[in-house]
Amino acid sequence: MKLVVEAAVLGVLTGGVYALMASGLTLIFGVMRIINVGQGALVILGAYLTFVLNRSWHVDPFLGLVLTMPLMFALGVLLQLVFIRPLRTDREALSVLVTYAIALGIEGALGYVFTTNYVQLRAWYENASFPVFSFRITYVYVLGFVVCLGVLGTLFLLLYRTTLGGAIRATMLNRTAAQLIGIDVDRVSAIAFGIGMATAAAGGVVFGLTNAFNPGSHYDLISRLLTIIVLGGLGSLRGAIIAALIMLVTEDITAVVVSPVWASFAFFVILVAVLIIRPQGLYGVRVRERI
Amino acid sequence: MRNRIGFAIAGAALVLSACGTGAASSPSPQSTEPITIGVSLSFSGDFSGDGKALQQGYDLWAQDVNAKGGLLGHHVTMKYVDDASSTQQVVSNYQSLITQDKVALVFGPFSSLLTIPASTVVDRYGYAFPEPAGGGPQVFARKLHSIFFVQPATVEDNLVSYTKWLLALPASQRPQSVAYATQDDPFTQPQVDRAKSLLEAGGITTASYKVYPAETTDFTPLALQVANSKADAVILGTQLPDAIAFVKTFIQQHYNPKTIIETTGPDQGSSFSGPLGANTEGIMVPAGWTAAAKAYGNPTFVQKFLAKFGGSAGDISADAAEAYSVGQVVDQAATKAGSIDNKKLIDALHSGTYQTVQGPISFDSIGQPHGVGVYIEQWQGGSALFVYPPQAALAKPEYPKPTWQ
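(A) View of the overall build of chain B. Counting its secondary structure elements, chain B contains 13 helices and 14 strands. The C-alpha atoms of chain B give a radius of gyration of 21 Å, which matches the 22 Å a tight globule of 405 residues would have. Seen along its three principal axes, the alpha-carbon backbone of chain B occupies a region of about 70 × 65 × 40 Å. The buried share among the 405 residues of chain B stands at 57%. Within chain B, counting contacts between residues at least 6 apart in sequence, those at least 24 apart form 70% of the total.

Quick look at the structure:
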């Protein structure tokens, strides 16, 4: 029983990190209707940027976000302008190829600069933990979870309490209608891509503190992130958060109670069951398109 | 719309498992013409760290052999193609290297996982397949005559020395219980299973035994389970990322077993010690090679490696030494056969003993090395040293392992 509670707590804490990483992916899909398979590589890029600050100037990984998030936002806007905006037809399919190319480019560049050796972010509190009942919880996971809550909370405020947020949500609902009422959807798309990358930077810090990583680590990440947004409903921020928590809690509890071999299977049973009942995912919106 | 998105996601999955290769032609091995040796290496994906290390070993050997006049007079060029750690891509790569690039020889990729499918296609074309890193029992299950695992012992026996050492400890000090966790990988699991059966036969109880999929990314629940077992000893069938993750969780949980051994990870130099710092102290790994060993050509190998790639001796991955050994074995076999013809090389490799930086190696009829068990290496004072068996030891085993810092 103790292990189950421990696994559930851990699942919630790590679920927060995956929610943060998936939030950018689902936001980008919602606004631009593109599948950014480069999101995993962007998370790793964020982790490496923090690694540079951490190693060279001993900047605390979480404090480093003050620098890395704006930097990644700017890079996101640039990538959107150069690679995504020119895609005018067949965006869904072409975006997969283009963002995969971006992922490979990032992986190659990181491999050239940092080699393929595994690294991990360091902080004085990296191994510190505190007792809760009969088990110990690691500060890094709690801090990471708090940062995830902070970033996701800010994202919700931005989306639901600002004019820009209104424009983003309008674009997510109906791109053409948003254009007709005067919203500059190209500008909104660039900003949304930038926000997606800034969340990737935040996700990268927590991922880099809790996992050893190298430039190739994005492959395992992206498959999990894609699964999360499918369960949550493509384009739904709330759905991504709930789905990430379901995924991590289910897998962690199954791993300790039954076997790690069945952990992913248990999650996929839930995924399939949800998709049979709600093909659009937990919080996705059914979209009809004239053929 | 939904269908299109579905196709797009399916496309993403396909694209993620794909990878491109280049191509160049190489002349056939006649007289002393230059030759190309083809290798499929993992420059991306799970094994990208190991792929890079193998490349360093192969490159250094090619440089050395060319400096002494080539392989039987043939100037050697290495051709590498990326398999992205994919079992499908590695097969296409060797097919392409042999049929399109017409390389004279092929050397092996990283891991048993990739060597198993690659060996089938290489054998079909009659090429010799000396390989540095595929030693799991399944590699030899098809009893191919063309494969040669260039390490001192088969992988299944890697933890035999460790179990001998544990069982030889005085009864009052010997661990009473062991927790096991291993990837379901053909390299790691056979080692752990063999150690488990030997230790159980020796009276040491099993506190916990877990097998996890190789694609697992979140190791903390598994590590928590091991920590909760409160076993005296921990035996882990790991690659590098999980080797680090398990230790970090043990530190965070204040779990201090008397001894920890991991199948891979602690032998990866600074890749292992970087994330763990001083907490590497006392951690063990089965190893056929160490930078400090006095085996044939090893001091020169270490010296040249540092001159070419920089860093310190502790940073050199055992993968690089294993790749270099492949070149050494092929060089000696070619000299013995008087040819670089693959059939003659295969015949030569099945007889005699070959000197490598890992020590002398000889092969049986299906390419398994004759040795039984490798050495135990332990991190002491910031570097990994041979500590068992005593005749190869550079230091005494530190037991029990010091508590985490």
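(B) Geometry of the overall build of chain A. Along chain A, the regular secondary structure elements total eleven helices and two strands. Moving toward the C terminus, one meets the helices and strands of chain A in the order α-α-α-α-β-β-α-α-α-α-α-α-α. At 19 Å, chain A has a C-alpha radius of gyration in line with the 19 Å of a compact globule built from 291 residues. Expressed as lengths along the three principal axes of its C-alpha atoms, the size of chain A is roughly 60 × 50 × 35 Å.

(C) Inspection of the sheet that holds strand β2 (residues 76-82) of chain B at higher detail. Residue and element names in this part refer to chain B. If you walk across this open sheet you meet the three strands as β2-β1-β3, and the pairing is parallel. Where the open sheet ends on each side, the last strands, each with one partner, are β2 and β3 (105-107). For this sheet, the mean angle separating the axes of adjacent strands, direction not counted, is 25°. The sheet contact formed by strand β1 (residues 35-41) and β3 spans three bridges and is parallel. In the strand pairing of β3, isoleucine 37 is matched with leucine 105.

(D) Molecular detail of the interface of chain B and chain A. Facing 44 residues of chain B, the contacting portion of chain A comprises 40 residues. At the level of secondary structure, the elements contributing two or more residues to the side of chain B that touches chain A comprise α1 (2-16), α2 (48-67), β7 (205-212), α8 (220-229), α9 (240-252) and α10 (270-276) of chain B. Considering each element in turn, the side of chain B that touches chain A owes the most residues, nine residues, to α1(B). Here the side of chain B that touches chain A is composed, by residue class, of 20 nonpolar, 16 polar and eight charged.

(E) Structural context of the pairing of strand β8 (residues 233-237) of chain B. Residues and elements named next belong to chain B. Of all five residues making up β8, five are buried, and the element is well covered by its neighbours. The alternating pattern of β8 places Ala233, Ile235 and Gly237 and Val234 and Leu236 on opposite faces, both of which are buried. The pairing of strand β6 (residues 177-183) with β8 spans five bridges and is classified as parallel. Paired with threonine 182 across the strands is glycine 237, a residue of β8. The pairing of β8 with strand β9 (residues 259-262) spans four bridges and is parallel. Its bridge partner being in β9, valine 234 is matched across the sheet by isoleucine 260. Handedness of the crossover joining β8 and β9 through α9 is recorded here as right-handed.

(F) Looking closely at the nonpolar core. Of all hydrophobic cores here, the largest spans 216 residues; its most connected members are A:Ala244 and B:Val106. Contacts of A:Ala244, omitting those with residues within four sequence positions, involve A:Gly15, A:Tyr18, A:Ala19, A:Ala22 and A:Ile228.

(G) Up close: the environment of B:Val247. Residues and elements named next belong to chain B. For valine 247, the location among the structural elements is in helix α9. It is 8.2 Å that separates the C-alpha atoms of valine 247 and alanine 223, two residues lying 24 residues apart in sequence. Those residues within four positions of valine 247 in sequence are excluded, and the remaining contacts are Leu276, Asn279 and Ile283.

(H) Representation of the confidence of the model for chain B within the structure. The predicted model of chain B has a mean per-residue pLDDT of 89, with 92% of residues at 70 or higher. Here the prediction assigns the complex a pTM of 0.81, and the interface score ipTM is 0.85.

(I) Region of interest: helix α1 (residues 2-32) of chain A. Residue and element names in this part refer to chain A. With 31 residues, α1 ought to run about 45 Å at 1.5 Å a step, and its terminal C-alpha atoms sit 45 Å apart, in line with that. In α1, a bend of some 30° at alanine 22 exceeds every other bend along the element. In terms of residue burial, α1 counts as a mostly covered element, since 24 of its 31 residues are buried.

(J) Geometry of unusual backbone geometry. Residues and elements named next belong to chain B. Looking along the chain, the bond that leaves tyrosine 388 and enters proline 389 is cis, with omega of 0°. For proline 389, the location among the structural elements is in the segment after β14 (383-388). A cis amide bond links tyrosine 399 with the next residue in sequence, proline 400, at an omega value of -5°. Inspection of the secondary structure puts proline 400 in the segment after β14. Positive phi values are uncommon outside glycine, yet serine 111 reaches one of about 85°. Positive phi is not limited to glycine here, since lysine 230 has a value of about 55°. Tracing the backbone shows lysine 230 in the loop between α8 and β8. Given 12 C-beta atoms within a 10 Å radius, lysine 230 is considered exposed.

(K) Inspection of helix α12 (residues 318-337) of chain B at higher detail. Residues and elements named next belong to chain B. An ideal rise of 1.5 Å per residue puts 28 Å on 20 residues; α12 measures up with 28 Å between its terminal C-alpha atoms. For α12, a buried count of 16 out of 20 residues is recorded, marking the element as mostly surrounded by other parts of the structure. Phi turns positive one or two residues past the end of α12, at glycine 338, with a value near 70°.

(L) Inspection of the pairing of β6(B) at higher detail. Residue and element names in this part refer to chain B. Among the seven residues in β6, six count as buried, and that is most of the element. Alignment of β6 against β7, held across seven bridges, turns out to be parallel. Note on β7: the bridge partner recorded for threonine 182 is valine 211. The parallel pair β6 and β7, bridged by helix α7 (residues 189-201), forms a crossover whose chirality is right-handed.

(M) Molecular detail of the packing of α1(A) against α8(B). With their axes 10 Å apart at the nearest point, α1(A) and α8(B) run at an angle of 150° to one another. Classified by the interaxial angle, the pair formed by α1(A) and α8(B) is roughly antiparallel. Between α1(A) and α8(B) lies a crossing whose hand is right-handed. Between α1(A), through A:Leu3, A:Glu6, A:Ala7 and A:Leu10, and α8(B), the contact on the second element is made entirely by B:Thr220, B:Pro221, B:Leu224, B:Gln225 and B:Asn228. When grouped by side-chain class, the residues that make up the contact of α1(A) with α8(B) number five nonpolar, three polar and one charged.

What counts, and where the lines are drawn
Residues numbered from 1 in each chain as written. Chains lettered and ligands numbered in written order. Predicted model: local features only at pLDDT ≥ 70, side-chain atom pairs only at ≥ 80, totals over all residues. Helix = DSSP H or I, 4+ residues; strand = E, 2+ residues; numbered from the N terminus. Rg over C-alpha atoms; globule rule 2.2 N^0.38 Å. Buried ≥ 20, exposed ≤ 12 C-beta atoms within 10 Å, placed from the backbone. Contact = placed C-beta atoms within 7 Å. Pairing = 2+ DSSP bridges. Axes fitted to C-alpha atoms, helices over the stretch in contact; angles between N-to-C directions. Nonpolar A, V, L, I, M, F, W, Y, C, P; charged D, E, K, R; others polar. Right-handed = clockwise from strand over helix to strand, strands pointing away. Core = buried A, V, L, I, M, F, W, Y, C linked by C-beta atoms within 7 Å. pLDDT = per-residue confidence, 0-100. Expected span 1.5 Å × (residues − 1). Bend = angle between axes of the 7 residues up to and from the residue. Parallel < 35°, antiparallel > 145°, perpendicular 65-115°, else oblique. Left-handed = near helix turned anticlockwise from the far one by under 90°.

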